[in-house]
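# Structural characterization, general
If you want the building blocks of each chain, they are given just below.
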Amino acid sequence: MRNKNKGGKLKRFLSYYRPHMPLFITDMLCALLMAGIGVAYPMATKLAIERYLPGKLYGAFAAVMGACFAAYVLYALLQFIVTSIGHRLGVLMEADMRRDVFSHLQTLDFTFFNNARTGVLLSRCTSDLFEITELAHHGPEDVFISIMTFLGAFCVMLTIEWRLALVLLVSVPALLGIVVLLRKRMSQASRRVKEGMAGVNADIESSLSGMRVAQAFANEQYEIDKFVHGNQKYVNARTDYFKIMGAFFASMEFFTNILSVLVIAAGGYMIMRGSMDVVALMTFTLYVASFTRPIQKLTQFTEIYTMGMSGFSRFCELMDIQPAIKDAPEAADIGAVRGDITFENVSFSYKDRDDNPCVLRDVDIAIPAGRTVAVVGPSGSGKTTLCHLVPRFFEPDKGRVLIDGRDIAGVTLHSLRANIGIVQQDVFLFADTIFENIRYGRLDATREEVIEAAKAAKVHEDIMAMPDGYDTHVGERGVTLSGGQKQRISIARIFLKNPPILILDEATSALDSATEADITQELTHLSRGRTTLTIAHRLSTVRNADEIIVIAQGRIAERGAHEALLAQGGAYSRLYNAQYMQ
Ligand code: ADP
Ligand code: MG
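Presented here is an overview of the structure given in this document.

The rules behind the values
Residues numbered from 1 in each chain as written. Chains lettered and ligands numbered in written order. Predicted model: local features only at pLDDT ≥ 70, side-chain atom pairs only at ≥ 80, totals over all residues. Heavy atoms only, no water. Helix = DSSP H or I, 4+ residues; strand = E, 2+ residues; numbered from the N terminus. Rg over C-alpha atoms; globule rule 2.2 N^0.38 Å. Buried < 20%, exposed > 50% of the residue type's maximum accessible area, 1.4 Å probe, protein only. Contact = heavy atoms within 4.5 Å. 1 Å grid on protein atoms, 1.4 Å probe; cavity = no way out; pocket = protein on both sides within 12 Å on 5 of 7 lines; lining within 4 Å. Points joined across faces, edges and corners; volume = space filled by probe spheres on them. Nonpolar A, V, L, I, M, F, W, Y, C, P; charged D, E, K, R; others polar. Phe/Tyr/Trp six-rings, centres within 6.5 Å; stacked < 30°, edge-to-face > 60°. Lys NZ or Arg CZ within 6 Å of the ring centre and 35° of its normal. Pairing = 2+ DSSP bridges. Near = heavy atom within 4 Å. Polar contact = N/O pair within 3.5 Å; in protein donor to acceptor, adjacent residues only side chain to side chain. Areas by Shrake-Rupley, 256 points an atom, 1.4 Å probe, with all protein chains shown as cover. Axes fitted to C-alpha atoms, helices over the stretch in contact; angles between N-to-C directions.

Attention now goes to the overall build of the protein chain. If you tally the helices and strands in the protein chain, you get 19 helices and 10 strands. Taking 25 Å as the expected radius of gyration for a compact globule of 582 residues, we find that the protein chain reaches 35 Å, considerably beyond that expectation. In the protein chain, which comprises 582 residues, the proportion classed as buried is 46%. In the protein chain, 79% of the contacts between residues at least 6 apart in sequence involve partners at least 24 apart.

So, on to empty space enclosed by the protein. All told, the structure shown has one cavity of 30 Å³ or more when counted by the stated rule. By volume, the largest cavity is sized at about 50 Å³. Along its surface, the largest cavity is lined by Leu175, Met252, Phe255, Thr256, Leu259, Thr292, Ile295 and Gln296. Mapped onto the lining of the largest cavity, the elements with two or more residues apiece are α9 (220-272) and α10 (278-319). No other element matches the four residues that α9 contributes to the lining of the largest cavity. When its residues are assigned to classes, the lining of the largest cavity shows five nonpolar, three polar and no charged.

Moving on: the packing of aromatic side chains. For the structure shown, the criterion picks out 19 aromatic pairs. Here Phe110 and Phe394 contribute two aromatic rings whose centre-to-centre distance is 5.8 Å and whose plane-to-plane angle is 80°, an arrangement assigned as edge-to-face. Of the two residues, Phe110 sits in helix α4 (residues 110-115) while Phe394 sits in the loop between α11 (383-389) and β4 (398-403), which places them 284 residues apart along the sequence. Its relative accessible area of 5% is what places Phe394 among the buried residues. Pairing Phe248 with Phe249 gives two aromatic rings, centres 5.5 Å apart and planes at 85°, and the pair type is edge-to-face. On the basis of relative accessible area, Phe248 is assigned to the buried category, the value being 0%. Here the aromatic residues Phe13, Tyr16, Tyr17, Phe24, Phe312 and Phe315 are joined through ring pairs into a cluster of three or more. Looking at Arg447, its charged tip hangs above the ring of Phe435, at a distance of 4.8 Å from the centre.

Another point: the layout of surface pockets. Here the largest pocket defines a volume of roughly 2,100 Å³. Lining the largest pocket are 42 residues, with Phe110, Phe393, Arg417, Phe430 and Tyr440 positioned closest to its centre. When residues of the lining of the largest pocket are traced back to their parent elements, those giving at least two are α3 (58-107), α4, α5 (118-125), α12 (413-418), β6 (420-424) and α16 (483-497). Per-element tally for the lining of the largest pocket: the top contributor is β6, with five residues. Residue classes in the lining of the largest pocket are distributed as 23 nonpolar, 10 polar and nine charged.

Looking now at the pairing of strand β9 (residues 547-552). Where burial is concerned, most of β9 is hidden: five out of the six residues are buried. The sheet contact formed by strand β3 (residues 372-376) and β9 spans four bridges and is parallel. Note on β9: the bridge partner recorded for Val375 is Ile549. Where β9 lies against strand β10 (residues 555-560), five bridges are found, and the strand directions are antiparallel. Within β10, the position partnered with Val550 by the bridge is Glu558.

In the neighbourhood of ligand 1, 13 residues make up the surrounding shell, with Asn114, Gly380, Lys383, Thr384 and Thr385 lying closest. Contacts to ligand 1 include Asn114, whose side-chain N or O atom sits 2.9 Å from a nitrogen atom. One of the backbone N or O atoms of Gly380 is found 2.6 Å from an oxygen atom in ligand 1. Burial of ligand 1 by the protein amounts to 69% of the accessible area it has alone, namely 560 Å². Split by residue class, the shell around ligand 1 holds three nonpolar, seven polar and three charged.

This part takes up the sheet that holds β6. Here six strands make up an open sheet; going across it, the order is β6-β7-β8-β3-β9-β10 and the pairing mixed. Strand pairing shows two members of the sheet lacking a second neighbour, β6 and β10, which therefore form its edges. With direction set aside, neighbouring strand axes in the sheet form an average angle of 15°. The sheet contact formed by strand β7 (residues 501-505) and strand β8 (residues 531-535) spans five bridges and is parallel. Each bridged residue has a counterpart across the sheet, and for Leu502 the counterpart in β8 is Thr532. Here α16 sits on the sheet in contact with β6 and β7, set at roughly 175° to β6.

Below, the discussion takes up unusual backbone geometry. Not every positive phi belongs to a glycine, and Ala218 is a case in point at roughly 50°. Within the fold, Ala218 resides in the loop between α8 (211-216) and α9. A positive phi is found at Asn345, a non-glycine position, where the angle reads about 55°. Of note, Asn345 is situated in strand β1 (residues 341-349).

What follows is the structure, encoded as structure tokens:
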């Protein structure tokens, strides 16, 4: 699953520059010009002081100073451009990555989302990518420009006084040694910080979504304690990080200062010996800055690099997860189907469980187009799992699922799912208007079609009674809908989608019996003319099915029509009597 090596990762990072080449080139050109000005300035000063001052060429001296002034005005302008454009480039790349990771998440399957924590995923999509902006911008600019400045300054220093330049050069390996050592520790610490933050995010997310449970059990204090623990872990990780960062910057500062002292001491010695003049030493000290600043910048960059790259690694990790279920290489569009569904000797187990028990065993079911088959059985017997095999949310370990006689493993997921409508026990409504929530069933539906679907689901009147009718917002800061209304909205979605295959997975189980009786009528209306696989807890709702299948521990225990099964006096009749014959 994860195969990208380190080089591949860098290459992958660089590929995000490609769409923004014009920005990147502008940025680099400006930065290059800045480096040029930085290296040329001490040289120009040396020239002016050495040649024009002693010769009393005050006009020329003023001209050089004027040029220096102008150069620094330009430098400021370039600095502005580089900072604004460079960061813009970074933000654009960050946004591209966020778009990619979001799109990638859409392709992942149920197995992935069953196991992933939403908070962790959230931080992968947001805070993990924050540092990318800095990295993308400072990366090429700082590294490239620093190296240019460093080399430029070093060459010029060699021409001024090569022995002194060599003294400086000798100190570089020591400097680099410290950088590499501390950098490694910083990158480890930075990873722990990220993990801590992701943990905190996940804790908040899980706790907020479980708030009602926490309060119902009066377990608020327990939640707070749990959170404090995670929060403290984050603080510790961050504290460690800052300690290493402190050591890092202190050593850098120390080295830079010591270098200045070294240059003055060695240069002073040469002046005493008469082998160097004061102007040369002055110019040299000006260059020390253009020699150490790049090193400082580079070391600062290593911090940005570790932060950015650890975020990027986590980004790559997520991007490299391949969905277990995706279109086969030669998957065909299944088109509009008639709706024959066949389970052929299907066995299934969830791969993510260690004990890996078989949830479905050798299941054979045939539902002719337009007919209704009901599946009943105790909870945990595998009914929902069976339903999830039809839209290929999961894949059978053994056997096949066929639609119109075609193995669904060979058709595109998109075309397959376009033919299937699912109504489940808990309805998810997006934080949007009622209108948009219904239109989710078919995104290009008109307002009239949406209203018609709502009427068919018998929810139109309820919607019209809401403050803004169809434009009423649902969820946070909006109306709260009753269970029945929510279910009707989900039914309206399916009316709008109008698929030939319908799956009802305990669609009415969460409702009271009066509402259930009402909604059962709409469901019957909805299933007219469609192949329907229905699961219901209350057997009254399935008695009219063409075939009733009793499933127990993943196996088909009994099958037949309602009356026949009752007469048979087996599992079905026991279930039925338990519910209705008290
Ligand atoms: P039913 O809908 O009949 O109540 P399910 O199909 O939901 O039953 O579950 C059947 C069995 O599979 C149960 O033992 C359940 O614990 C297990 N199961 C359900 N979903 C998952 C999952 N995502 N991962 C692992 N095991 C699961
Ligand atoms: Mg279920």
